[in-house]
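Listed below are the residues making up each chain.
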Amino acid sequence: MAVSKILGIETEYGIVVRGGNDSNPISASSMLINSYINSLKADSGEAARVPWDFEDETPGNDAREETLRLSVAPEVETHLVNTVLTNGARYYVDHAHPEYSAPECADAAEATLHDRAGEQILRESMTAASKLLPPGEEIVVYKNNSDGKGNSYGCHENYLMSRSLPFDEIVAHLTAHMVTRQLFTGSGKVGSEVPGSRTDSTPFQITQRADFFEEEVGLETTLKRPIINTRDEPHADSAKYRRLHVIAGDANMSEVATFLKLGSTAVLLAMLEDSLGGEPMQLDDPVPAMHAVSLDLGLGLPLRMRGGRTMTALEIQWEFLHRAHAWADSEGLDAVGGDEVGNRILSLWEQVLTGLDSDVLGLARQLDWVAKYRLFDGYRRRHDLEWTDARIRAMDLQYHDLRAGSGLAERLGLERITTDEAVIRATREPPPDTRAYFRGRCLERFSDEVVAANWDSIVFDVGGSNLRRVPMMEPTRGTRDHVGALIDQADSASDLLDLIGQ
Amino acid sequence: MAEREQKKKPSPRREESVEEEVDPSASGDKLKAELDDLLDEIDDVLETNAEDFVKSYIQKGGE
């Protein structure tokens with residue numbers, strides 16, 4: 001039986017200070033986040049800042065049987081601003097970018113909502129920061145993955161997995177999905193950033209990120225990026241779980257793309273845990289295939305599979321969907337959040353593949369790369385411009401501009417999965433069905449008594465001689481159903497710890 | 001094989017899309033009209049100095 005596919009998205013945002021002198025992106029990111037935290041403090045009249053607890057961080061652990069000693073373990077930067085919010089998210093400075101790690105969610109729809117809540121928090125942060133900057137200066141944030149000059153920053157997904165599923169099986173099945181799901185996860189990009197390639201030979205490609213992937217499997221995230229990342233840091237009971245860390249995706253402006261990216265991947269992982277993945281569809285040479293799929297706007301490129309035959313990316317996706325239906329008929333959809341959200345994943349998946357088969361431009365409201373292509377190509381034709389024109393490249397960046405009224409994605413009126421009201425609520429309230437609920441509510445109610453928090457524990461100072469750490473090694477516990485009434489009832493953290501028997 | 005199987009497979013989704021196809025040009029025309037409107041007004045929002053903007057958008061690698 002597949003474990004609940006608890007999941008979430010973490011996004012590094014592009015950041016620019018406009019109107020100022022050359023500024024340091026680390027200090028701009030710090031200012032952005034501090035401005036937001038201070039604005040919350042002003043709103044609520046209380047100290048809202050609770051720092052992140054680094055006690056359990058081990059990003060260098062490798063999921064493969066033999067850890068490759070040559071791998072470079074990711075660094076953890078502990079000295080920069082790093083905080084936990086009442087919605088259960090982590091908001092911090094990472095590698096010269098503001099990063100928002102959304103809370104763990106029980107299904108793809110909730111995770112899409114919390115991804116959008118992250119955008120809203122960045123938007124509120126820009127507003128808060130602009131009040132502190134000199135007139136004419138402004139911090140602007142972009143939800144994209146590349147500066148067009150060979151520098152990339154990530155949008156990562158995380159999925160709760162059963163420890164009992166061998167990692168090799170994940171690699172065997174998931175690699176082809178990572179390569180071919182680009183058809184709907186791509187955010188589109190003008191030009192290429194593969195060293196030595198010329199923009200005029202690649203006017204436009206499907207994804208922001210494909211250019212940056214060089215390995216099939218590996219631990220790194222900042223160089224020699226692998227299609228399947230092996231970081232083994234479960235932030236949960238490691239005997240029972242692993243957390244699959246997926247780095248091969250674009251940050252999406254389109255909610256449909258985010259929802260389908262998360263939903264399709266969660267379904268495939270659950271299928272594997274239920275031993276219903278079928279014969280793995282293995283690409284002969286995944287890294288070149290990843291690049292080729294991103295460049296293939298005609299969607300007809302045959303990819304060589306192991307064993308000699310060929311399939312197009314779209315055919316591989318249809319086969320995954322076909323197997324997903326068979327899995328759902330046999331096992332139900334509980335592992336991906338139940339019938340409503342599960343059926344929505346399957347039907348949207350089919351709708352998008354059908355569109356890709358028959359009328360790609362008809363998906364301009366659903367998929368980022370199609371929306372971009374249509375807009376840029378229309379503009380280009382109207383003004384008789386080459387794809388390499390600076391105006392087209394500027395639009396490529398501005399599509400991801402998060403300022404209200406400035407972002408081109410916002411102007412295009414993409415199809416919604418969420419509502420504005422729910423997004424605003426999710427900037428303050430945690431998802432109800434995971435341990436993020438406990439984390440968020442404790443911060444909301446008892447921030448004065450919370451010393452630090454992280455994914456799998458909270459440290460309280462309730463006045464005794466010792467700090468008290470409450471472990472949260474089970475991501476499905478600490479939900480609203482489980483602890484909501486107790487948190488409402490408790491007058492203090494100490495009271496709460498008594499009630500939950502800690 | 002994958003293709004044959006999926007075409008054979010009955011699904012509620014396909015029936016819905018048949019309904020949507022009563023006037024296949026309608027949604028396409030609407031999208032096109034909206035794109036034309038957007039192209040008419042988009043110069044007002046676009047970065048005024050595209051060249052400088054693109055040049056100055058430099059990020060450090062991340063992750």
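Parameters at a glance
Residues numbered from 1 in each chain as written. Chains lettered and ligands numbered in written order. Predicted model: local features only at pLDDT ≥ 70, side-chain atom pairs only at ≥ 80, totals over all residues. Heavy atoms only, no water. Helix = DSSP H or I, 4+ residues; strand = E, 2+ residues; numbered from the N terminus. Buried < 20%, exposed > 50% of the residue type's maximum accessible area, 1.4 Å probe, protein only. Contact = heavy atoms within 4.5 Å. Areas by Shrake-Rupley, 256 points an atom, 1.4 Å probe, with all protein chains shown as cover. Lys, Arg positive; Asp, Glu negative; His and termini not counted. Charge placed at Lys NZ, Arg CZ, Asp CG, Glu CD. Pairing = 2+ DSSP bridges. Axes fitted to C-alpha atoms, helices over the stretch in contact; angles between N-to-C directions. Buried area = accessible area lost by both parts, 1.4 Å probe. Polar contact = N/O pair within 3.5 Å; in protein donor to acceptor, adjacent residues only side chain to side chain. pLDDT = per-residue confidence, 0-100. Phe/Tyr/Trp six-rings, centres within 6.5 Å; stacked < 30°, edge-to-face > 60°. Lys NZ or Arg CZ within 6 Å of the ring centre and 35° of its normal. Expected span 1.5 Å × (residues − 1). Bend = angle between axes of the 7 residues up to and from the residue. Salt bridge = Lys/Arg side-chain N within 4 Å of Asp/Glu carboxyl O.

1. Description of the overall build of chain A
Per the secondary structure count, chain A includes 15 helices and 18 strands. If you line up chain A on its principal axes, its C-alpha atoms span 65 × 60 × 45 Å. Looking at chain A as a whole, 61% of its 502 residues qualify as buried. Sequence separation of at least 24 residues holds for 72% of the intrachain contacts in chain A that already meet a minimum separation of 6. Total accessible area computed for chain A in this model is approximately 18,400 Å², and 45% of it derives from carbon and sulfur atoms. Of the charged side chains in chain A, 50 are positive and 80 negative, and the gap between their average positions amounts to 4 Å.

2. Looking at the sheet that holds strand E5 (residues 90–94) of chain A
Residue and element names in this part refer to chain A. One open sheet holds the seven strands; their spatial order is E3-E4-E5-E6-E1-E8-E13, and the pairing between them is antiparallel. With partners counted over all chains shown, the strands left at the sheet margins are strand E3 (50–51) and strand E13 (241–246), one partner each. Sheet topology note: the E3/strand E4 (residues 82–84) ladder contains two bridges and is antiparallel. Note on E4: the bridge partner recorded for valine 50 is valine 84. Here helix H1 (residues 25–44) sits on the sheet and contacts E4, E5 and strand E6 (97–101); the angle it forms with E5, its principal contact strand, is near 160°. Against the sheet, helix H5 (residues 255–273) engages strand E1 (7–12), strand E8 (155–162) and E13, with an angle of about 25° to E8.

3. A word on unusual backbone geometry
All names here are of chain A. Positioned with a positive phi, histidine 235 is a non-glycine residue whose angle comes to about 50°. Tracing the chain through its elements places histidine 235 in the loop between strand E12 (225–229) and E13. By relative accessible area, which is 9% here, histidine 235 ends up buried. Here aspartate 384, not a glycine, exhibits a phi torsion of approximately 55°, which is positive.

4. Comments concerning the sheet that holds strand E17 (residues 457–460) of chain A
Residue and element names in this part refer to chain A. An order of E16-E17-E18 is seen for the three strands of this open sheet, with the pairing classed as antiparallel. At either margin of the open sheet sits one strand with a lone partner, and together these are strand E16 (450–454) and strand E18 (468–471). Going across the sheet, the axis of each strand differs from the next one's by a mean of 15°, ignoring polarity. In terms of strand pairing, E16 meets E17 through four bridges, oriented antiparallel. Looking across to E17, one finds that asparagine 454 is bridged to serine 457.

5. Brief notes about the pairing of E8 of chain A
All names here are of chain A. Within E8, eight of the eight residues are buried, leaving the element largely enclosed by the surrounding structure. Alternating positions in E8 separate into two faces, Cys155, Glu157, Tyr159 and Met161 on one and His156, Asn158, Leu160 and Ser162 on the other, with burial throughout. Sheet topology places E1 next to E8; five bridges connect them, and they run antiparallel. Its bridge partner being in E8, leucine 7 is matched across the sheet by tyrosine 159. Taken together, the six bridges between E8 and E13 define a ladder with antiparallel strand orientation. Within E13, the residue paired with asparagine 158 across the bridge is histidine 245.

6. Considering the interface of chain B and chain A
Every contact between the two is made by 35 residues of chain B and, on the other side, 59 residues of chain A. Buried surface at the junction of chain B and chain A, both sides included, amounts to about 4,000 Å², of which 56% is carbon and sulfur. Here chain B and chain A share 19 residue pairs in polar contact (both at pLDDT 80 or more) between them. Elements represented by at least two residues in the side of chain B that touches chain A include exactly helix H1 (2–8), helix H2 (12–20), helix H3 (24–41) and helix H4 (50–56) of chain B. A total of nine residues in the side of chain B that touches chain A trace back to one element, the largest contributor, which is H3 of chain B.

7. Overview of the confidence of the model for chain A
Scored by pLDDT, chain A comes out at a mean of 93, with 95% of its residues at no less than 70. The low-confidence segment residues 66–74 of chain A (pLDDT under 50) makes 11 contacts with residues lying over four places distant or belonging to another chain.

8. Here's the deal with the side chain of threonine 258 of chain A
Residues and elements named next belong to chain A. With respect to the helices, strands and loops of the structure, threonine 258 is situated in helix H5. Accessibility expressed as a relative area gives 1% for threonine 258, which makes it buried. With residues up to four places along the chain from it excluded, the contact list for threonine 258 reads Ile9, Thr112, Asp115 and Asn252.

9. Things to note about the packing of aromatic side chains
Aromatic ring pairs are described here by two measures, namely the spacing of the ring centres and the angle between the planes. Residue and element names in this part refer to chain A. Applying the stated criterion to the full structure yields nine aromatic pairs over all chains. A ring pair is formed by tryptophan 52 and tryptophan 455, whose centres lie 5.0 Å apart and whose planes are at 70°; its orientation type is edge-to-face. Here the residue tryptophan 52 occupies a position in the loop between E3 and E4, and tryptophan 455 occupies one in the loop between E16 and E17, the gap between them amounting to 403 residues. Side by side, tryptophan 52 and tryptophan 455 carry an identical accessibility label, which is buried. Taken together, the ring pairs connect Phe204, Tyr373, Phe376 and Trp387 into an aromatic cluster. Between the NZ or CZ atom of arginine 90 and the centre of the ring of tyrosine 92, over which it lies, the distance is 3.9 Å.

10. Describing the environment of aspartate 334 of chain A
Mapped onto the elements of the fold, aspartate 334 of chain A is located in the loop between helix H7 (313–331) and helix H8 (339–358). Spatially, the C-alpha atom of aspartate 334 of chain A lies 31 Å from that of leucine 497 of chain A, the residues being 163 residues apart in sequence.

11. Side note on helix H3 (residues 167–180) of chain A
All names here are of chain A. Over its 14 residues, H3 runs 20 Å from end to end, which matches the ideal 20 Å to within 8%, given 1.5 Å per residue. The largest bend along H3 measures about 35° and falls at leucine 174. Looking at H3, one finds that the buried residues are Phe167, Ile170, Val171, Ala172, His173, Leu174, Thr175, Ala176, His177, Met178, Val179 and Thr180.

12. Focus: the pattern of salt bridges
Within the structure shown, the criterion is met by 38 salt bridges over all chains. Arginine 116 of chain A serves as the salt-bridge partner of glutamate 119 of chain A, at 3.4 Å between the closest nitrogen and oxygen. On the criterion of helical spacing, the pair formed by glutamate 119 of chain A and arginine 116 of chain A is a turn pair, its members being three residues apart in helix H2 (residues 108–130). The pair glutamate 119 of chain A / arginine 116 of chain A is uniform in exposure class, with both members buried. Note that glutamate 63 of chain B is salt-bridged to arginine 225 of chain A, the shortest N-O span being 2.7 Å. Of the two residues, glutamate 63 of chain B is situated in the segment after H4 and arginine 225 of chain A in strand E12; the pairing between them involves two chains. On the basis of relative accessible area, arginine 225 of chain A is assigned to the buried category, the value being 6%.

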